Amino acid sequence: MTNLSGWGRFPVAECRVIRARTQTDVARALSQGPLIARGNGRAYGDSALNPDLTLDMRGMDRMLSFDAETGVLVAEAGVLLADIIAAFLPRGWFPGVTPGTKFVSLGGAIAADVHGKNHHVDGAFGSFVDWIDLMGPDGRITRVSRDHQPELFGYTLGGMGLTGVILRAQIRLRAVQSGWIVQDSYATRTLEEAIDVFEDHLDWLYSVAWIDCAAQGAHLGRSIAMLGRHATPEDLPEARRSAPFQVKRKRSLTMPIDLPGFALNRYTVHAFNTLYYHLGAWKAGRTLVDWDSYFYPLDAIRDWNRIYGKRGFFQFQCVLPTDSARTGLHQLVQCIAASGQGSFLSVLKRFGAQDSRFSFPQAGYTLALDFPANDRSLALMKTLDRITLDHGGRFYLAKDSRMPSEVFAEADPRTEAFAAMRRETGLDAAFASLQSQRLGL
Ligand SMILES: Cc1cc2nc3c(=O)[nH]c(=O)nc-3n(C[C@H](O)[C@H](O)[C@H](O)COP(=O)(O)OP(=O)(O)OC[C@H]3O[C@@H](n4cnc5c(N)ncnc54)[C@H](O)[C@@H]3O)c2cc1C
């Protein structure tokens, strides 16, 4: 038995873990009862935890084929995006969509149908997936795609491991001309101005805003909004043009200890946010940023999740539809600022349209925040749930560890169809996580 948790370190569960290296190992594990597949444990909550049987897929990490003309890659589910970047960025290819950490597995990226800073242009990870080899309850492998078993393919994107075990997949990488990003950043005085920056620059491939959610009154929701696009050789200084993919390796720091609970309070969060805002404002304008610093600033500090101490932390991430986003976001940020529980990392992104079976994104704005795991933040999140529901929004399962099933069902009318599909096909008897049990999926 092994103590396991997601990245938020809450909840922790004692789990029986089997590590798969081959598809035969996966089939054997499936014959032992209901299980959940686990990638690299970067989902924040309990979506990759099953005390009875958790199937660790990191041992299936082989890259199987690559077409250097088209950027089409076939790889096993346990391959990390970090491995894909290390292998293919020097040859001019980058993941079509990436979340804010490169330490996610291919299986985890598909199962959560992760989004990046380019959702408004490209959609989620699934847009770049051609097919998936999925192992079902009986150990049989089905190659699902938009043409073959499209329903199962659609439900597997964003299905949180509840439709089968992803063994391998074919994905398309994006051709890029350098390892650099041209970044334009703006310090906005309010949340409304930040939204204007997104709306005025929908033609930029990447956009994201960091929000100071401790600021109140006239400064409510002030932000550092950052736009980005892949740099061409012409964007680079003369000296870098001959080696456009060469970037300096960053030294990674490690969070050496669990910070004590009292280190995080209204004052430290306010001080951090104020400092971060002013630093961002000072550096606003056009800069050239290497890919690792641009996409993965948090990866530079290994084990940064220890900052919240041993009790761990919650993430709250919702998306509000475009029409109600301005008023809804205003209410969410106002409520957080007034509570004095503002988080260090509040991130706002613009989503484009997405018509999918169970994935999280929909056209509008998504807000992600973290809070220490305690009763006060649980109470605050209840209010945030209500505001989200009242504005027609929904919630991201890859970040959730505490949502009541009624809230999830009310937010997302697709929930009942997903649960019914699982019941009718017998998938519910083979694949389950603590999260699926809590949410009645
Ligand atoms: C710092 C940080 C930043 C992040 N930023 C973003 C972001 O910008 N956008 C975003 O969308 N997400 C983001 N995330 C969340 C993360 O991308 C997702 O949770 C992703 O699913 C984690 O992948 P993993 O391999 O660690 O999977 P795990 O956490 O191990 O599992 C996640 C889900 O995938 C399923 N799964 C994993 N492997 C398989 C498989 N082989 N077959 C079937 N199911 C499988 C699990 O059952 C589980 O439901 C972030 C996470 C962190 C820690």
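Residues numbered from 1 in each chain as written. Predicted model: local features only at pLDDT ≥ 70, side-chain atom pairs only at ≥ 80, totals over all residues. Heavy atoms only, no water.

Overview of the overall build of the protein
In step 1: The helix and strand inventory of the protein stands at 13 helices and 21 strands.
In step 2: The C-alpha radius of gyration of the protein comes to 21 Å, within 12% of the 22 Å expected for a compact globule of 441 residues.
In step 3: Each principal axis of the C-alpha atoms in the protein carries an extent, and together these give about 60 × 55 × 45 Å.
In step 4: Relative to its full complement of 441 residues, the protein shows a buried share of 59%.
In step 5: Summed over its atoms, the accessible surface of the protein is roughly 18200 Å², and 53% of this surface lies on carbon and sulfur atoms.
In step 6: Put simply, the protein has 48 plus and 46 minus side-chain charges, and the middle of one group is 6 Å from the middle of the other. (Helix = DSSP H or I, 4+ residues; strand = E, 2+ residues; numbered from the N terminus. Rg over C-alpha atoms; globule rule 2.2 N^0.38 Å. Buried < 20%, exposed > 50% of the residue type's maximum accessible area, 1.4 Å probe, protein only. Areas by Shrake-Rupley, 256 points an atom, 1.4 Å probe, with all protein chains shown as cover. Lys, Arg positive; Asp, Glu negative; His and termini not counted. Charge placed at Lys NZ, Arg CZ, Asp CG, Glu CD.)

Structural notes on the sheet that holds strand S5 (residues 54-56)
In step 1: Across the sheet, three strands lie side by side as S3-S5-S4; this open sheet has parallel pairing. Each end of this open sheet is capped by a strand with a single partner; those strands are strand S3 (17-19) and strand S4 (36-38). Within the sheet, the average angular offset between the axes of one strand and its neighbour, ignoring direction, is 30°.
In step 2: Two strands pair when backbone bridges link them, and S3 and S5 are joined in this way by three bridges, in the parallel orientation. Counterpart to Arg 19 in the pairing with S5 is Asp 56. (Pairing = 2+ DSSP bridges. Axes fitted to C-alpha atoms, helices over the stretch in contact; angles between N-to-C directions.)

Digging into the packing of aromatic side chains
In step 1: Scanning the entire structure with this criterion turns up 18 aromatic pairs.
In step 2: On the basis of an interplanar angle of 75° and a centroid distance of 5.5 Å, the ring pair of Phe 198 and Tyr 365 is categorised as edge-to-face. Here Tyr 365 lies in strand S20 (residues 364-372) and Phe 198 lies in helix H6 (residues 191-200), a separation of 167 residues in the sequence.
In step 3: Look at Tyr 365 and you get buried, because its relative accessible area is 1%.
In step 4: Here the aromatic rings of Tyr 206 and Phe 295 are separated by 5.0 Å at their centres, their planes lie at 85°, and the arrangement is edge-to-face. Placement of the pair is Tyr 206 in strand S13 (residues 206-211) and Phe 295 in helix H8 (residues 291-295), with a sequence separation of 89 residues.
In step 5: Note on Tyr 206: relative accessible area 2%, which makes it buried.
In step 6: Taken together, the ring pairs in this structure connect Phe 94, Tyr 206, Trp 291, Tyr 294, Phe 295 and Tyr 296 into an aromatic cluster.
In step 7: Geometry around Tyr 294 places Lys 117 over its ring, the cationic atom sitting 4.0 Å from the centre.
In step 8: For the cation-ring pair, Arg 143 lies above Trp 131, with the distance from its terminal atom to the ring centre recorded as 3.6 Å. (Phe/Tyr/Trp six-rings, centres within 6.5 Å; stacked < 30°, edge-to-face > 60°. Lys NZ or Arg CZ within 6 Å of the ring centre and 35° of its normal.)

Quick notes on empty space enclosed by the protein
In step 1: Within this structure, the stated rule accounts for three cavities of 30 Å³ or more.
In step 2: Roughly 90 Å³ of internal volume is contained in the largest cavity.
In step 3: If you go around the largest cavity, you meet 13 residues; those closest to its centre are Phe 358, Ser 359, Phe 360, Phe 395 and Leu 397.
In step 4: Taken together, the residues that form the lining of the largest cavity break down as eight nonpolar, two polar and three charged.
In step 5: When its volume is computed, the second largest cavity comes out at roughly 60 Å³.
In step 6: Lining the second largest cavity we find Gln 315, Phe 316, Gln 317, Phe 395, Tyr 396, Lys 399, Asp 400, Arg 402 and Met 403.
In step 7: Class assignment for the residues of the lining of the second largest cavity results in four nonpolar, two polar and three charged. (1 Å grid on protein atoms, 1.4 Å probe; cavity = no way out; pocket = protein on both sides within 12 Å on 5 of 7 lines; lining within 4 Å. Points joined across faces, edges and corners; volume = space filled by probe spheres on them. Nonpolar A, V, L, I, M, F, W, Y, C, P; charged D, E, K, R; others polar.)

Brief notes about the site of the ligand
In step 1: In the vicinity of the ligand lie 36 residues, with Ala 37, Gly 39, Arg 42, Ser 105 and Tyr 396 positioned nearest.
In step 2: The separation between a nitrogen atom of the ligand and a polar main-chain atom of His 115 is 2.8 Å.
In step 3: Within the complex, the protein chains bury 98% of what would otherwise be the 950 Å² of accessible surface of the ligand.
In step 4: The class makeup of the residues in the shell around the ligand is 20 nonpolar, twelve polar and four charged. (Near = heavy atom within 4 Å. Polar contact = N/O pair within 3.5 Å; in protein donor to acceptor, adjacent residues only side chain to side chain.)

Here's the deal with a nonpolar patch on the surface
In step 1: Together, Leu 275, Leu 279 and Trp 282 make up an exposed nonpolar region whose accessible area comes to about 390 Å².
In step 2: Mapped onto the fold, Trp 282 is located in helix H7 (residues 266-282).
In step 3: Looking at Trp 282, the relative accessible area reads 70%, which means it is exposed. (Patch = residues over 30% accessible without salt bridge, like charges linked within 9 Å, V, L, I, M, F, W, Y side chains within 5 Å. Salt bridge = Lys/Arg side-chain N within 4 Å of Asp/Glu carboxyl O.)

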